[in-house]
Each structure stands twice: as structure tokens, then as C-alpha cells.
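# A look at the structure
As a plain string of letters, each chain reads:
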Amino acid sequence: LGRALVFLNEQNLITWGKSLGQVFELAQETLLKTSLPAKWRQPVPNVFFWEQQDDSHVSDRALILKDLIEPWPELGVIVMVPRRDTLIYTPVDGFLLQRLGGLLHLTYDKWLEGPWPCAPSPLWFDGVSFEPIQLHQDESSGRLTGGLSPRLAHALEHGTLIPRNG
């Protein structure tokens, strides 16, 4: 992978004679080849970071997470991409909500540090698709409230995934 980012447009696809799907698949294959072995570090139990200042593609690896996490957690992972050079995940398990408050603060701090801020908001990745999580932390109690999707709430309560609608 190079150090430059190329913004893909319709003219590129025409020139290359490729569909968007073909280019996306090739990009994922290339990213995976340059990503193994995965460079996760675990600063605290069940929280994994990939930070690499000299690599503009760390955040892109969210697209190939299932290939980079072994073993894959049955209920998926919560993933955060605060900067282009930082990817953070934690497995979805019975202790997720206890970890999430501190993890949100840490992710927000990384986002503020820059450079190349992306999004400090968490996403749930079940191994197939991403769902946004809209959480709010009560200032006085520190308790997390808010937008767990019905699927994620079910996964946490019952320990099983339910199929996506549509």
C-alpha cells in the first residue's frame, strides 16, 4: 500500500474497465495481504488497539475486521475509528457495558488528539454489517444510556444474534 489516498470516481472505473465491486474486492485483498499478522495491542483486558503513525490505512482495516480477529467473537465486536491511524475494538460479551464508558472517553480523547480525525462514535459489527450505537453517559452517575439497537440489546441479553431485517 502506498502512502497516498486515491479518491475513486466514475472516470477511474471507466479507464480501468472495472466495476466498483471489482475495485472494492481488489482493495480489500490488497489491504488484507499487507495487514497480516495483525498488529493489535491490548492495553487493558478485552480492549484492542491498532495504532500506526506511518500507515494511512489503519482505519480502512475496519472493512476486513473479521479476517484480522481470531477467534471471531460469536456476538461480534464494538469498533471505533477515532483517527485514520487508529482502530479500536472490544468483543461483545456480558461485560461490554462496563467497559464501554471508559472506552468511549479514551476514543474521544484519541479523536481530539488528531491528526486525521474520523469518528469517535462506536459501531457494532456483527461480522456482516455495521450498526451505529448512540450512547450517552450521565454526568453524575457515569451510567450509559441510549441507543442500543434491538439486535444488539438482544445479543447482550440472550447471547445470540438475530437476523437483520431487510
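Summary of the structure given here. (Residues numbered from 1 in each chain as written. Predicted model: local features only at pLDDT ≥ 70, side-chain atom pairs only at ≥ 80, totals over all residues. Heavy atoms only, no water.)

### Digging into the overall build of the protein chain
For the protein chain, the count of helices and strands is five helices and eight strands. The helix and strand sequence of the protein chain, counted from the amino end, reads α-α-β-β-α-β-β-α-β-β-β-β-α. The burial tally for the protein chain puts 39% of its 166 residues in the buried class. Partitioning the contacts of the protein chain with sequence separation of at least 6, the portion at a separation of at least 24 is 58%. Per element, the accessible surface of the protein chain, about 10,000 Å² overall, is 57% carbon and sulfur. (Helix = DSSP H or I, 4+ residues; strand = E, 2+ residues; numbered from the N terminus. Buried < 20%, exposed > 50% of the residue type's maximum accessible area, 1.4 Å probe, protein only. Contact = heavy atoms within 4.5 Å. Areas by Shrake-Rupley, 256 points an atom, 1.4 Å probe, with all protein chains shown as cover.)

### What about the packing of aromatic side chains?
Counting across every chain of the model gives five aromatic pairs. Their ring planes at 80 degrees and their centres at 5.4 Å tell us that tryptophan 40 and tryptophan 50 sit as a pair that is edge-to-face. Here the residue tryptophan 40 occupies a position in the loop between α2 (20-33) and β1 (41-44), and tryptophan 50 occupies one in strand β2 (residues 47-51), the gap between them amounting to 10 residues. Classification of tryptophan 50 as buried rests on a relative accessible area of 0%. Each member of the aromatic cluster is reached from another via a ring pair, and the members are Trp40, Phe48, Trp50 and Tyr89. Stacked on the ring of phenylalanine 49, the Lys or Arg arginine 41 has its end atom at 5.1 Å from the ring centre. (Phe/Tyr/Trp six-rings, centres within 6.5 Å; stacked < 30°, edge-to-face > 60°. Lys NZ or Arg CZ within 6 Å of the ring centre and 35° of its normal.)

### Things to note about the pattern of salt bridges
Enumeration according to the criterion identifies six salt bridges in this entry. As a salt-bridge pair, arginine 99 and aspartate 93 come within 3.2 Å of each other at their nearest N and O atoms. Judged by relative accessible area, arginine 99 falls into the buried class, the value being 14%. Overlapping salt bridges, with partners in common, bring together Arg41, Glu51, Arg83 and Asp85 in one network. (Salt bridge = Lys/Arg side-chain N within 4 Å of Asp/Glu carboxyl O.)

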